Structure formats: C-alpha cells, structure tokens
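# Architecture and fold: a report
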Amino acid sequence: MALGPYLFLATLEGLVQAAVLCITAAGLSLVFGVMRVVNVAHGEFVMLGAVIAWFAASLVTGHPAIGFAVALVISPVIVGAIAFAGERLILKRLDYNPEATIVATIGLLYILQQTVLIVYGPDARPVDPPFYYTIRFPWFGYSSYKLFVIAAAIVIMGAIWFVLQKTRAGLIMRAAQFDRETAQAFGIPVDRVSAVVFAAGAGLAALAGVLVVPIQQAHYLMGADPLLLSFIVVIIGGLGSMSGTVVAAILIGLSDGILSVMFSPTLAKMVSTLLVALVLVFRPNGLFGKAER
Amino acid sequence: MHRDSKTFLPLSRRHLLKTAGGAAAVLASPAVLRPGFAQSGTIKLGAPIHRTGIGASYGRWYERTAMAAVKVANEMGGINGRQIELIVEDDGTDPKRGTEVIEKFASQYKVDAVFGHLFSNVVAAAAPRAGELKLPYFICSEASLLGAGKLNRYTFQPGITDVRAQVTSMAPWIGDTLGKKVTMIYPDYNFGHDHRDFFTAAIKAQGGEVVGKIAVPPTETSFTRYFPQIPPSTEVIYHVMVGPAVLTFVKELGDYLGSKRPEIFGFIDSLEGVDFATPQLGFLEGSYFWEAYPRYAQVNQSEFDKFFREKVGVDANGASVKDGKDISTYSHMFSIWETLFVIKQAMELANYKGEAQKKDLVVAMESISTIAESREHPQGAKLFNGKTHQVFGSQNISKVEGGKLKVVHRTSIEDGLYDTDADYTKLAL
C-alpha cells in the first residue's frame, strides 16, 4: 500500500479512537473538575454501558437499529442511576476525601466487574451495529459504522459544551468547580451537584460503551483499556479542563492510530505513556490545566 | 450468546447485594466443603478450567465435556471399580492462578491426577510445578512444549495433537492447493510463536515462504491497524487468533479485504464458540479452516461422533441442544473427553488404587502406543509417543460452504510425525 492511503487508514482509525476517548475522558474530567474525585471505576461504567447495550439488543426484537436506539437512551440512564447510588452511599460518606475515594472507587470497580461476571457471564458477546455497510475505498474497505461513531462524538461533545456553557445547570457546575465554598455560600447545593455530576460522568462513560460495543463486543474485562487511556488523556489535557480533554483525546487517538498502523501498537502505547511522563515533569497541571489555588 | 430469562441486570441495591451475596456463597462453598467431605475410595481427578478470563468460552465447554465424560466413565463402572470424582477449579486463564490451582489440587484436595489445562501460557507456568509436586498432569493445550523437551516426566498430552504436528501435516496441502506466499496473523505468545516457527519451517520445505508475520497481543481488541502490514504479494492469509475479540478480528478482516481477497486459511481457533451464521462473516464463504474435529456433522458421520454429541449435548451444527446460539468449541473440547479415557486406560493398566501408585500411573502412560477410534476416542485413531508424552492424530481441512464447514481433506497420522530428541522416560520419577 502506498504512503497516502496508509496514512488515510491510520487517520481514520485514530479518529475513531479519539472519538470514543473524548466521550469517556470528558466524563472522567467532569467528575474530577467538580468533585476532585479520581474515579478509578470509570472504565467499569463504560463496560456496564456496553453490557446493557447487549441486553437491550437481545431483548428488543426487530431491526438492530431499534435495540441500539433503546440502548443509547436507557444505558446512560441506568448507569447514571447506579453511579448516583454509589455516590450517595459511598463517596458522600467519605466526605470526598481524595485518598479515601480512590480506594473506594477501586472497590467499586471490583464490585461492578464481578457482579457483571456473575450476572452476564465471562463471554464476549457481539452486538449488531445499527446499520452495516462497508465503504469501499480503492485500497481497503472501512466500516461505515465507525464513521458514524466519529460523527456521534462530535454531536455529543457539542452537547456537553452547550450544557456547560449555555445553561443554568452548566453554570452551577462551573461555579462548583471554580470554588466549592463560595458556590455554597451563594446558595448552590454543592452536595446535590456532586451527585448529579458523578451520575452524568458515568452516563457519558456508558454512552461511550454503547457506541463502542458494535465495534468491540461486550466483555466484563473491557473496562481496563478505556480507564487507562482516559487517565492519560485527562492528565495530558489538564485535570478538569474540558477543552484540554478534547485536544488531548484527539492527540492521543491520532498518535495511537498512526503509530500503530505505521509502526506497531506497542510503540504507540509506549509513546502515549512517555507523553504522560513528559507532561507530568514539565507541565504538572497538564497542557490546559490551571495551577491549584 | 444465550438468552436466559433469569439473567436480568439487577437494578436495586438490595437485588444487587442479594445476587452478589448468593453468588459469593455458592462460589465459596465447594472450596470450603469439598476437601472435608471428599469421599474415600474414589478416584479424584482435578480439572483446572478457564471459567473466567480470556479463555472463558473454551472453559465453559471444557467443563461440560469433562462432566459428560466422567458421567459416561462412571456408568461404565468407574476405574478399577472406583467411581471418579471430578473437582473443578477456575484458574481465570491466568498463569499465576493456574499454578496456585495445581498446588491446591495437590495439597488440599489430594487428587490422583489433574487434566484439562488449555491455554499454553498457563500450561507453561503450571507444568513445572506439577512436575515438582510429582502430580500426573494431563494437558489439552496443543502447545509444542512437550516435543521441545521443555516439560517433565509427569506432564502428558494424550488427547490432542500439538501445533508442530498439525502444521507439518497440513503445509503440503496449503502449498499445493492455496499458494506458496503466506502471511501469518497470530497471537503474540507461546501458542502463536509455535505456529509462526513450525509453519514457517513446514512451508519452506514445500518450496513456499512466509512473506508477512503479524503478531497481535492476546488482549488486543481492535485489529484494522494491523492489516496494512499484509504484503501485496500475499497469496494466502493464515490466521489463528484466540480470546474474547476473535469475532471482531474476523469481522474487521472482512471489512478490510472486501471481495478481492487472497485465499484465506484459518485455524478454527479464530472462530471457536462463534456462530458462522453471523451476517458479517459472509466473506469467509469459500475460505478454509483447520479443524481437529469437524464442528458440523459430516455426511459420513461415525457412530462414535453421534455418541459424543449426544452425551455432551451438542447438535449436528456444533451448538448446544438447549440453545442454538450457544456454539461449542467443538474442535478442541473432545481432547478433555479423550484425555479422561486415556487416564482411565492407564490406571487400569497399572491397576491403580490410590495416590501411592502415581509413579505406576506415569510408567503405564508411557507404555501406551496405539489408540483406536471408539466411543472413548471419537475424533479418530491416534499414536501416542511414550518418550515425548505427546499424541498424534489426523487433522481436517474444511471449506466454508453455505455457512457451514465441509471437510475437504483429512491428513494421515504419519503426515504429522516429526523427529525430536525429547525423551522424558530418562528423567527420574
């Protein structure tokens, strides 16, 4: 294959990865920004989203697109509800202590993973994409569903931006992120905001899970990769910075895609880990992060 | 994939706790109760099974097959008049856990032998420990570790041919029928390396060459990025993938290649447990697969195959009789069945009564040579090499026709025999 199409395929693969990563990392970043909680169970919310999509697809008969649409709606809601409950029962009682919440979310990770193993089983199960059409380029074929994932990510990221910047709920979240105590003094129910944000972050992860499952299959161990990559993205982008997250996701997605196609996937992983190290050394707050006040 | 009306995702906390608590109790009980209640006067066999982890789809069927085999053997009167007691432990398809399970079988359950370990990375870790514990250890893994002289006197593979013999026996057919320029796609660990090394040598002997070698990490979930490495001169793509992402691999290969594809020769491992009727797998029509044991009942089906399918609960399409969507790992799981009956045969040769006779069992195993096709050995006749502890059988090459696999070539046992210096009988007992 000539260099041109080679690079084209690499870019497509990178963009798909960046798209999924954007949504997942946005959830992680939102939770950290507002609550200062490092949610280690975030990857499991992606997995739960995918598993619920499988349940939806197998319970809803008819065209696969119907099951997929149902999953897009119910999956974030259910996962959000689980996260909401987790926040009320665990994180709130720990007073959002940074160290304690890390340990608590590790516990949550195992509880979610093992519950899915018991209920859903150890198999990887496929979910049909809502439509199946292969785009034939002269050099290779490419699944049109993957392009749909990129488009969906752009829409979702636009929606997140709109909510955060243009609505009252977004204003409250930003206020709580900017200064928790002052926000409370101005009558913002910071405590309730935390719960809603945690649920929303998990809902975003679940949405990413639903989008990715027709490409990947639902499996109880699938949460590890998204968690690691989301952390990488959030650290590079700057914890709590939404625009940083988007830029970092595209950067990591594209570099991962291009390096793994042109060289090897192992090298790609090494480069992104190296990037994290460099960022931590030279810009400890990330590319777009602000210094801790 | 199965739809079970009982498996709803728990929504309420209470339901979730109940499910988790109940399951924890169930999971904990065998470990707590069994050693105390083990019956005396039975033959105790331990089966380390990949119930969870990346080998889970194999593990589920290995467990069913082992239980069916033990049931049949007990109905035949057990071994030397003793009933067989099967003890199953999950090893999570994890080398470390696999080794711990071997220790548990030896010290806690005090089993007479262990059988059924599959994934080669787990076997490579667990076999040395079994040897140190002097615990007869029967693997069903295809790995060529035994023939390479890397294992020990207590480790045997009497149920399935190893990768080296498999590829050696099929390389002539691939070179003559499909093409001589081959690109290999394989998992990047022991099992995949066996394929790479032995097939490269075998196709060279046919005047062919391997033009591309694409190693994929076993936990990989996305594959399109690897396919540009397939050289344009490729005449045959040879794929052998395992793990939860196999279906993704084959789908993405189909997307990528389209209709102008080279010949494809795959090991059924890439699609074990996967339904061929999946619409996106249509591009496999006309491609070829290795099968140790044909998943779809062939026109000349033997009475032994009928018996085996009935006892394990598999229909003529290789799916569970209870759920047509639950596809078996048919081409591998026969090995745990056949292994049980080899253990039975060896124990009867040694007039085995209890664990003091483990050494006699090893010596009896080494005396076995020919194995006839029978209900106990439905995959076919085999030759067991007592020196290398490895068995040799026939291989099948099947073509995908109308979404089913039809056997087009069956190798002879002799096609796969190879020379090696390994001789475990010289090691101390």
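Residues numbered from 1 in each chain as written. Chains lettered and ligands numbered in written order. Predicted model: local features only at pLDDT ≥ 70, side-chain atom pairs only at ≥ 80, totals over all residues.

### Concerning helix α3 (residues 64–91) of chain A
Each α-helix turn comprises 3.6 residues. Residues three or four places apart therefore point the same way. Over its 28 residues, α3 of chain A extends 38 Å from the first C-alpha to the last, a length consistent with the 40 Å expected when each residue adds 1.5 Å. Roughly 30° is the biggest bend found in α3 of chain A, and it falls at Ala71 of chain A. (Helix = DSSP H or I, 4+ residues; strand = E, 2+ residues; numbered from the N terminus. Expected span 1.5 Å × (residues − 1). Bend = angle between axes of the 7 residues up to and from the residue.)

### Concerning the interface of chain A and chain B
When the parts come together, some accessible area is lost, and that loss is often what is quoted as the size of the interface. Counting residues at the interface gives 33 residues for chain A, matched by 27 residues for chain B. Those elements that provide at least two residues to the side of chain A that touches chain B are α1 (3–35), α2 (42–59), α4 (98–120), β1 (134–136), β2 (141–143) and α10 (242–262) of chain A. Examining the composition of the side of chain A that touches chain B, we find that five residues originate from one element, α4 of chain A, more than from any other. Looking at the side of chain A that touches chain B residue by residue, the class counts come to 18 nonpolar, ten polar and five charged. (Contact = placed C-beta atoms within 7 Å. Nonpolar A, V, L, I, M, F, W, Y, C, P; charged D, E, K, R; others polar.)

### Quick look at unusual backbone geometry
You will see that Tyr96 of chain A, though not glycine, has its phi angle at about 55°, which is positive. You can see Tyr96 of chain A is positioned in the loop between α3 and α4. Classification of Tyr96 of chain A as partly exposed rests on a count of 16 C-beta atoms within 10 Å. In this structure, Lys134 of chain B is a non-glycine residue whose phi angle is positive, near 55°. (Buried ≥ 20, exposed ≤ 12 C-beta atoms within 10 Å, placed from the backbone.)

### Thoughts on helix α2 (residues 56–75) of chain B
All names here are of chain B. Given a rise of 1.5 Å per residue, 20 residues ought to cover 28 Å, and the 29 Å separating the end C-alpha atoms of α2 matches this to within 8%. Burial analysis of α2 places 14 of its 20 residues in the buried class, the great majority of the element. Gly77 sits one or two residues past α2 and shows a positive phi near 110°.

### Thoughts on the pairing of strand β1 (residues 43–49) of chain B
Residues and elements named next belong to chain B. Here β1 lies mainly inside the structure; seven of its seven residues are buried. Neither face of β1 is open: one carries Ile43, Leu45, Ala47 and Ile49, the other Lys44, Gly46 and Pro48, and all of them are buried. Across seven bridges, the pairing between β1 and strand β2 (residues 84–90) is parallel. Following the sheet pairing, Lys44 is matched in β2 by Glu85. Sheet topology note: the β1/strand β3 (residues 113–117) ladder contains two bridges and is parallel. Of the residues in β3, the one forming a bridge with Leu45 is Ala113. (Pairing = 2+ DSSP bridges.)

### What to know about the sheet that holds β2 of chain B
Residue and element names in this part refer to chain B. The parallel open sheet is built from five strands, whose spatial order is β2-β1-β3-β4-β5. With partners counted over all chains shown, the strands left at the sheet margins are β2 and β5 (155–156), one partner each. Bridge count for strand β4 (residues 137–139) against β5 is two bridges, and the pairing is parallel. Within the sheet, the bridge partner assigned to Phe138 lies in β5 and is Phe156. The strands touched by helix α4 (residues 120–132) within the sheet are β3, β4 and β5, with β3 carrying the most contacts at an inclination of about 175°. (Axes fitted to C-alpha atoms, helices over the stretch in contact; angles between N-to-C directions.)

### Some thoughts on the domain arrangement of chain B
Residues and elements named next belong to chain B. If you check the domain split of chain B, you get domain 1 (13–161 + 333–392) and domain 2 (163–301 + 393–416). Between domain 1 and domain 2, the C-alpha centre-to-centre distance is 28 Å. Each partner contributes residues to the interface: domain 1 has 20 residues there, and domain 2 has 22 residues. Looking at the side of domain 1 that touches domain 2, the elements that each hand over two or more residues are α2, α4, β12 (382–385) and β13 (390–393). Taken together, the residues of the side of domain 1 that touches domain 2 sort by class into ten nonpolar, eight polar and two charged. (Domains from an automatic or database assignment.)

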